[in-house]
Amino acid sequence: MKALQYRTVGAAPEVVTVPDPEPGPGQVLLKVTAAGVCHSDIAVMSWPAEGFPYELPLTLGHEGVGTVAGLGAGADATGLKEGDSVAVYGPWGCGTCANCAQGKENYCLRADELGIRPPGLGAPGSMAEYMIVDDPRHLVPIDGLDPVATVPLTDAGLTPYHAIKRSLPKLVPGSTAVVIGTGGLGHVAIQLLRAMTAARVIALDVTEDKLALARTVGAHEAILSDKDAAAKVRELTGGRGAEAVFDFVGVQPTVETAGAVAAIEGDVTLVGIGGGLLPVGFGATNFEVSVTAPYWGSRGELIEVLDLARAGAVSVHTETYSLDDAPLAYERLHDGKINGRAVILPNG
Ligand code: NAD
Ligand code: ZN
Ligand code: ZN
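Here the structure is a predicted model, which means the values were calculated and not measured. (Residues numbered from 1 in each chain as written. Chains lettered and ligands numbered in written order. Predicted model: local features only at pLDDT ≥ 70, side-chain atom pairs only at ≥ 80, totals over all residues. Heavy atoms only, no water.)

A. Expanded view of the packing of aromatic side chains. Inspection of the entire model under this criterion finds six aromatic pairs. Between Trp 47 and Tyr 54 the ring centres are 6.3 Å apart and the planes differ by 50°, which places this aromatic pair in the tilted class. On the basis of relative accessible area, Trp 47 is assigned to the partly exposed category, the value being 31%. Ring centres of Phe 52 and Tyr 54 lie 5.8 Å apart, and the angle between their planes is 85°; this geometry places the pair in the edge-to-face category. (Phe/Tyr/Trp six-rings, centres within 6.5 Å; stacked < 30°, edge-to-face > 60°. Buried < 20%, exposed > 50% of the residue type's maximum accessible area, 1.4 Å probe, protein only.)

So, in structure tokens, the structure goes:
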């Protein structure tokens, strides 16, 4: 089968032919319908050879939707059957530690020790005609949802959903939420905020077309992310700032903006992995600001995100590419040219 692989540190990913995978005991073989292109892959492909955490070659793709094409021994015990259309829960854990028992496999206590890696981030991912899912519990039926519009929800939806849920008690009527970076994750975050809260949403990005998308998907205000952005947010909030700030870029200038606009007792959530650091200490931010940097979301939260989508609350903007054109999708994402999420269709 064809697969998109990152093969050499520093080189572009390549479409190659690899052996067709076979599901082992308990595993599920998916014929991949759609695979989302995440900026985290670009970060991975920028890491140096020294200390690179995954084995190469690596089949990319940590957002996946497919149809069940084969079941390993015992994998049918859950009622899963061939032809079922399913979304892949990506942050695989052991399934039995204290965190996994709560569905928080993204915070599995034993994944490192057991060498368990998410598809596309260590294990072979979704940018291939077929992929192996290690356990049926990592699949959620999409039940009538469109595969292309749904695949980004497994990360670009789930990650902001998890972040927003933490701050829900603060996002009361009259409050403000700031979204920095309105790309794949950010443009979904705006819609989730509008569906889940009464907060006023202020979006920040660096180009007019990204700001236009932010407005289209529900931002009340969309402003350029520059050195004056924090002052503008303060002005728009009568000096109070934002009760919750979500940074989907995470570089030094954006984490500084995030810290500067957080209201007293506000939440700052750094989702982007741009390497920026926000100092915490008396006087560094407003009083009693909480700063966190979460990773992905829980199994239960993915089910909730798909339920929200089924209720019509989120509409992901997508551009589709063939598997052969997947390297181009990464190039365009790297150059800031994707509006919304790029989705690869490995089987056409
Ligand atoms: P994306 O490229 O689709 O979106 C990023 C957006 O940020 C783009 O619209 C870009 O124009 C904008 N941007 C760039 N510089 C900016 C600046 N200085 N100010 C404001 N906006 C700016 O990327 P994505 O796939 O949505 O991923 C966003 C970030 O989240 C990445 O860093 C990614 O690695 C990270 N991520 C983290 C997790 C997690 O679990 N923590 C999960 C998925 C993605
Ligand atoms: Zn991702
Ligand atoms: Zn675990």
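B. Spotlight on the nonpolar core. Leu 30, Met 127, Phe 246 and Ile 344 are the most contacted members of the largest nonpolar core, which has 82 residues in total. For this core, the element with the highest residue contribution is helix α6 (residues 184–196), accounting for six residues. Both of domain 1 (2–155 + 297–345) and domain 2 (158–292) provide at least three residues apiece to this core. The residues touching Ile 344, leaving out its near neighbours within four places in the chain, are Thr 33, Ala 34, Ala 35, Val 37, Met 127, Tyr 321, Ser 322, Leu 323, Ala 326 and Ala 329. (Core = buried A, V, L, I, M, F, W, Y, C linked by side-chain atoms within 4.5 Å. Helix = DSSP H or I, 4+ residues; strand = E, 2+ residues; numbered from the N terminus. Domains from an automatic or database assignment. Contact = heavy atoms within 4.5 Å.)

C. A look at the coordination of the zinc ion (ligand 2). The protein atoms that coordinate the zinc ion (ligand 2) are Cys 38 (SG), His 62 (NE2) and Asp 155 (OD), at distances spanning 1.8 to 2.2 Å. Going along the chain, you hit the donors of the zinc ion (ligand 2) in the pattern C-x23-H-x92-D. Of this pair, Cys 38 sits in the loop between β3 (28–36) and α1 (39–44) while His 62 is found in the loop between β4 (58–59) and β5 (63–71), placing the two residues 24 residues apart along the sequence. Under the relative-accessibility criterion, Cys 38 is labelled buried at 4%. (Donors = N, O, S within 2.8 Å, 3.2 Å for Na, K, Ca; no water.)

D. Fine view of the sheet that holds strand β2 (residues 14–17). Overall, antiparallel pairing links the three strands, which are arranged β2-β1-β4 in an open sheet. Edge positions in the open sheet fall to β2 and β4, since each of these has one partner strand only. Pairing analysis gives two bridges linking strand β1 (residues 2–6) to β4, with the strands arranged antiparallel. Bridge assignment links Gln 5 to a residue of β4, and that residue is Thr 59. (Pairing = 2+ DSSP bridges.)

E. Expanded view of the domain arrangement of the protein chain. Once the domains are mapped, the protein chain shows domain 1 (2–155 + 297–345) and domain 2 (158–292). Placing a centre on the C-alpha atoms of domain 1 and another on those of domain 2 gives a separation of 27 Å. Across the domain 1/domain 2 interface, buried area totals approximately 1,900 Å², and carbon plus sulfur atoms make up 60% of it. If you sort the residues of domain 1 by the area they bury against domain 2, Asp 155, Glu 301 and Asn 339 come out on top, with a joint share of 25%. (Buried area = accessible area lost by both parts, 1.4 Å probe.)

F. Highlighting the coordination of the zinc ion (ligand 3). Taken together, the protein ligands of the zinc ion (ligand 3) are Cys 94 (SG), Cys 97 (SG), Cys 100 (SG) and Cys 108 (SG), with distances of 2.3 to 2.4 Å. Metal-centred angles of 104 to 116° between the four donor atoms at the zinc ion (ligand 3) mark the site as tetrahedral. Expressed as a motif, the donor residue spacing for the zinc ion (ligand 3) is C-x2-C-x2-C-x7-C. Here the two residues Cys 100 and Cys 108 agree in accessibility, since each one is buried. (Tetrahedral: all angles 85-135°; square planar, octahedral: opposite > 155°, others 65-115°.)

G. Looking closely at a nonpolar patch on the surface. Residues Ile 264, Phe 282 and Phe 287 make up a contiguous nonpolar surface patch of about 410 Å² in total accessible area. As for its position among the elements, Ile 264 is in strand β13 (residues 262–270). (Patch = residues over 30% accessible without salt bridge, like charges linked within 9 Å, V, L, I, M, F, W, Y side chains within 5 Å. Areas by Shrake-Rupley, 256 points an atom, 1.4 Å probe, with all protein chains shown as cover. Salt bridge = Lys/Arg side-chain N within 4 Å of Asp/Glu carboxyl O.)

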